[in-house]
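Coordinate inspection notes
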Amino acid sequence: MSAIDVDRVTMVFETRRGRVTALDDVSLEIPDGHFACLVGPSGCGKSTLLRIMGGLLRATQGMVRVGERPVERPGADRGMVFQSYTLFPWLKVRENVEFGPKLQRVPRAARRKTSDALLREMGLEEFAGAYPKELSGGMQQRVAIARALANEPEVLLMDEPFGALDALTRASAQRFLTQVWERHKRTIAFVTHDIEEAVFLGETIYVMSPRPGRIREVVQVDVARPRALEDERLGDLRRRILSQIFEGEGAGAV
Amino acid sequence: MTRASSTRSGADPGTAAAPAVERARPGFADRYLTPKEPIPRRAATTLGLLGFGVVLGLWSALSYGGVYDELFLPSPTTVAAAGYDLFAHYGFIHDVWASTYRILVGFVISALIGIPLGIAIGSFRSVQAFFEPVIAFVRYMPASAFIPLLIIWFGIADTEKIAVIFIGVFFPLTLLIADVSANVPRELLHSSYTLGASRRQVFFRVLLPASWPGVLDNLRIGMGWAWTYLIVAELVAAERGIGHVILQASRFLQTDQIIAGIIIIGLIGLAFDAFFRWLYRVLFPYAERVAR
């Protein structure tokens with residue numbers, strides 16, 4: 001069964017300079033519990049596609065189904081994590097994590113249990129009572145992941161969540177996310193322009209071409225976990241994907 | 001006390017700061033002249049007092065030194081005496097209260113309408129399309145130009161002053177507050193939707209709380225405008241109020257009372273400013289930026 005089913009999605013934006021086709025007839029199926037990465041150069045429509053999955057944008061044509069249901073609007077079944085820090089600054093870390101469950105009217109004790117477990121998992125128990133501004137960027141993103149997981153979503157949609165982190169923090173965040181995925185077994189759709197990140201994290205890589213965005217190639221990463229960043233097979237894959245992106249285009253296009 | 005001595009010689013703050021400068025000698029520029037970097041708290045306080053000291057010193061030099069005639073530029077002591085006189089013998093406190101009362105009423109009315117309207121303009125494109133052009137237009141009409149008209153409508157009592165303040169504060173304040181809510185990051189709203197929030201919940205639980213710090217900050221700025229417009233209105237026509245006292249003093253060439261009145265306005269303004277800053281710290285301990 002597929003958790004995310006993108007069925008012939010086309011997205012056209014009306015801009016001042018005319019119509020721009022961001023996505024052109026894109027189809028893909030992400031199996032249940034799978035970790036999928038969408039990579040491509042800036043402007044290939046990968047973030048647009050993720051937003052359509054999340055229900056934040058409506059496709060011009062085609063449709064997306066999550067767990068067999070057509071996506072029409074955003075919902076708690078599809079948690080999203082963004083690149084920018086989106087914690088609510090006026091809420092403490094614990095309140096941020098409990099934001100979703102509170103909206104779903106989960107009783108206080110149950111909420112507390114959820115946030116306790118997640119904060120422990122994220123290694124942030126001692127920061128439960130802190131405000132987001134007291135946390136580093138990497139910690140804030142961990143809270144954002146916890147906040148999305150607190151709703152027990154069917155899928156987790158991540159839009160370059162580690163893009164704003166420094167290289168070392170990003171490496172540890174990636175390892176951390178891998179562990180989270182192995183424990184929770186949620187379907188993850190992860191958008192990044194960092195191919196190294198994609199091959200390290202994902203089981204399937206969807207390589208996209210720039211404007212209009214199309215799926216150029218689907219690459220399986222058959223490397224057992226835990227993976228090492230310096231693994232040669234990952235390096236080979238990275239080079240292969242890179243050449244695919246450049247294929248048929250002037251280098252200046254990317 | 002420190003301030004008094006610093007004005008006489010100008011040396012006291014200098015020597016007080018000397019040991020700190022001494023220690024930091026190797027990196028003086030690093031420490032005090034790096035763009036946007038904070039400086040030690042003590043240095044900031046010293047510099048702030050020094051700023052006052054320089055102004056007061058210049059004033060003293062020009063007046064005590066006899067550069068200008070006492071009639072045109074009274075000395076600090078004469079002004080202080082005039083200020084005391086105003087309160088002790090002329091019932092100045094009633095004028096101060098009359099002005100403050102007008103400010104408070106005019107400001108509160110502006111805020112009560114401006115905050116919800118501004119947030120609505122910044123949040124909903126439909127409300128924005130309806131209100132913003134009109135408000136942006138009226139905003140460019142100087143509030144002081146309305147005074148003659150408002151005198152015809154309301155006379156020269158409190159209502160007219162409050163109306164002037166309202167016109168001067170409400171329109172720009174509304175637009176600033178609209179800006180605050182319009183600048184709430186969209187990603188913050190998007191995150192809330194994906195956490196299962198409804199439109200209504202996003203508005204009340206995310207957009208509003210995200211706007212409050214900016215709203216308060218702009219109220220503080222609006223308070224400054226309110227004082228400007230009130231004094232203008234009082235200078236044109238009033239039976240009491242600080243502006244009225246200043247105008248009366250001018251008729252009798254009492255420059256010392258004029259300056260005393262101006263300084264009182266400054267002090268009250270400073271007090272309101274301090275109040276707003278304090279409120280900001282108390283209400284928004286989570287805020288990233290400290291109010292400017």
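Residues numbered from 1 in each chain as written. Chains lettered and ligands numbered in written order. Predicted model: local features only at pLDDT ≥ 70, side-chain atom pairs only at ≥ 80, totals over all residues.

**Regarding the overall build of chain B**
- Helix and strand counts for chain B stand at 13 helices and zero strands.
- Order of helices (α) and strands (β) in chain B, N terminus to C terminus: α-α-α-α-α-α-α-α-α-α-α-α-α.
- Across the 292 residues of chain B, 34% fall into the buried class.
- Counting only contacts in chain B whose residues sit at least 6 apart along the sequence, the fraction spanning at least 24 positions is 70%. (Helix = DSSP H or I, 4+ residues; strand = E, 2+ residues; numbered from the N terminus. Buried ≥ 20, exposed ≤ 12 C-beta atoms within 10 Å, placed from the backbone. Contact = placed C-beta atoms within 7 Å.)

**With respect to unusual backbone geometry**
Residue and element names in this part refer to chain A.
- One non-glycine residue, Asp25, adopts positive backbone phi at about 55 degrees.
- Mapped onto the fold, Asp25 is located in strand E2 (residues 18–31).
- With 14 C-beta atoms packed within 10 Å, Asp25 lands in the partly exposed category.
- The residue Arg105 is not glycine, and still its phi comes out positive at about 60 degrees.
- Residue class for Arg105 comes out exposed when judged on the 7 C-beta atoms lying within 10 Å of it.

**Remarks on the interface of chain B and chain A**
- Listed by partner, the interface residues are 16 residues for chain B and 22 residues for chain A.
- Ranked by residues supplied to the side of chain B that touches chain A, first place goes to helix H10 (residues 186–194) of chain B with six residues.
- Along the lines of polarity and charge, the residues of the side of chain B that touches chain A split into nine nonpolar, five polar and two charged. (Nonpolar A, V, L, I, M, F, W, Y, C, P; charged D, E, K, R; others polar.)

**So, the nonpolar core**
- Of all hydrophobic cores here, the largest spans 79 residues; its most connected members are Met53 and Ala189 of chain A.
- If you tally residues by element for this core, the top one is helix H5 (residues 137–149) of chain A, at seven residues.
- Judged by nonpolar contacts, the second largest core, of 47 residues, contains Val79, Ala143, Ile167 and Ile246 of chain B. (Core = buried A, V, L, I, M, F, W, Y, C linked by C-beta atoms within 7 Å.)

**A few points about the packing of helix H6 (residues 92–123) of chain B against helix H11 (residues 199–236) of chain B**
Residues and elements named next belong to chain B.
- At a minimum axis separation of 8 Å, H6 and H11 run at an interaxial angle of 145 degrees. In this structure, H6 meets H11 at a crossing whose hand is right-handed. Judged by residue contacts, Ser99, Arg102, Ile103, Gly106, Phe107, Ser110, Ala111, Ile115, Ile119 and Ser123 of H6 engage Phe203, Leu207, Ser211, Val215, Leu219, Gly222, Met223, Ala226, Trp227, Leu230 and Glu234 from H11.
- Counted by class, the contact of H6 with H11 contains 13 nonpolar, six polar and two charged residues. (Axes fitted to C-alpha atoms, helices over the stretch in contact; angles between N-to-C directions. Left-handed = near helix turned anticlockwise from the far one by under 90°.)

**Concerning the domain arrangement of chain B**
- Taken domain by domain, chain B consists of domain 1 (2–67) and domain 2 (88–283).
- For domain 1 of chain B versus domain 2 of chain B, the separation of C-alpha centres amounts to 34 Å. (Domains from an automatic or database assignment.)

**Points about helix H4 (residues 108–121) of chain A**
Residue and element names in this part refer to chain A.
- With 14 residues, H4 should cover 20 Å at 1.5 Å per step; its first-to-last C-alpha distance of 20 Å lies within 8% of that length.
- Looking at H4, one finds that the buried residues are Arg111, Thr114, Ser115, Leu118 and Leu119. Here the buried residues of H4 occupy an arc of 120 degrees about the axis, which is enough to place them on one side. Seen from the buried face of H4, the exposed residues on the opposite side, beyond 90 degrees, are Ala109, Ala110 and Arg120.
- Looking at the buried side of H4, the elements it contacts are helix H2 (93–97), helix H3 (99–103) and H5.
- Just past H4, the residue Gly123 takes up positive phi, approximately 70 degrees. (Expected span 1.5 Å × (residues − 1). Arc of directions from axis to C-beta.)

**Side note on the confidence of the model for chain A**
- On average, residues of chain A carry a pLDDT of 87, and 97% of them reach 70 or more.
- For chain A, the element scoring lowest by mean pLDDT is helix H8 (residues 232–246) of chain A, at 81; H2 of chain A scores highest, at 94. (pLDDT = per-residue confidence, 0-100.)

**Concerning the sheet that holds E2 of chain A**
All names here are of chain A.
- With antiparallel pairing, the four strands of this open sheet are ordered in space as E2-E1-E4-E5. On the outer flanks of this sheet lie E2 and strand E5 (69–70), each paired with one strand and no other.
- Pairing between strand E4 (residues 61–66) and E5: two bridges, direction antiparallel. Each bridged residue has a counterpart across the sheet, and for Arg65 the counterpart in E5 is Pro70. (Pairing = 2+ DSSP bridges.)

**Quick look at the sheet that holds strand E8 (residues 187–192) of chain A**
Residues and elements named next belong to chain A.
- Read across the open sheet, the six strands follow the order E6-E7-E8-E3-E9-E10; overall the sheet is mixed. Looking at which strands have only one partner, the edges of the open sheet turn out to be strand E6 (78–81) and strand E10 (214–220). Averaged over all pairs of adjacent strands, the angle between their axes in this sheet comes to 20 degrees, without regard to strand direction.
- Where strand E3 (residues 35–39) lies against E8, five bridges are found, and the strand directions are parallel. In the strand pairing of E8, Ala36 is matched with Ala189.
- Contacting E6 and strand E7 (155–159), H5 runs over the sheet at an angle of about 170 degrees to E6.

**Observations concerning the pairing of strand E9 (residues 204–209) of chain A**
All names here are of chain A.
- Of all six residues in E9, five are buried, a share of seventy percent or more.
- Two elements, E3 and E9, share four bridges in a ladder whose sense is parallel. Across the sheet, residue Cys37 finds its bridge partner in E9, namely Ile205.
- As paired strands, E9 and E10 are joined by six bridges and run antiparallel to one another. Counted as the bridge partner of Met208 is Ile215 from E10.
- Following E9, the chain reverses through four residues before pairing antiparallel with E10.

**Considering the environment of Ile188 of chain A**
Residue and element names in this part refer to chain A.
- Its place among the elements puts Ile188 in strand E8.
- Of the residues examined, Ile188 has 26 C-beta atoms within 10 Å and is grouped as buried.
- Between the C-alpha atoms of Ile188 and Pro210, which are 22 residues apart in sequence, the distance is 23 Å.
- The contacts of Ile188, once residues within four sequence positions are left out, are Phe35, Ala36, Leu156, Met158 and Trp181.

**Description of the confidence of the model for chain B**
Residue and element names in this part refer to chain B.
- Counting all residues, the mean pLDDT for chain B is 86, and 90% of those residues have values of 70 or more.
- The element-level mean pLDDT for chain B is lowest in helix H1 (residues 2–9), coming to 41, with H6 highest at 94.
- Here residues 1–21 scores under 50 on pLDDT; set against residues more than four positions off or in separate chains, the count is 27 contacts.
- Across the predicted assembly, pTM comes out at 0.80 and ipTM at 0.88.

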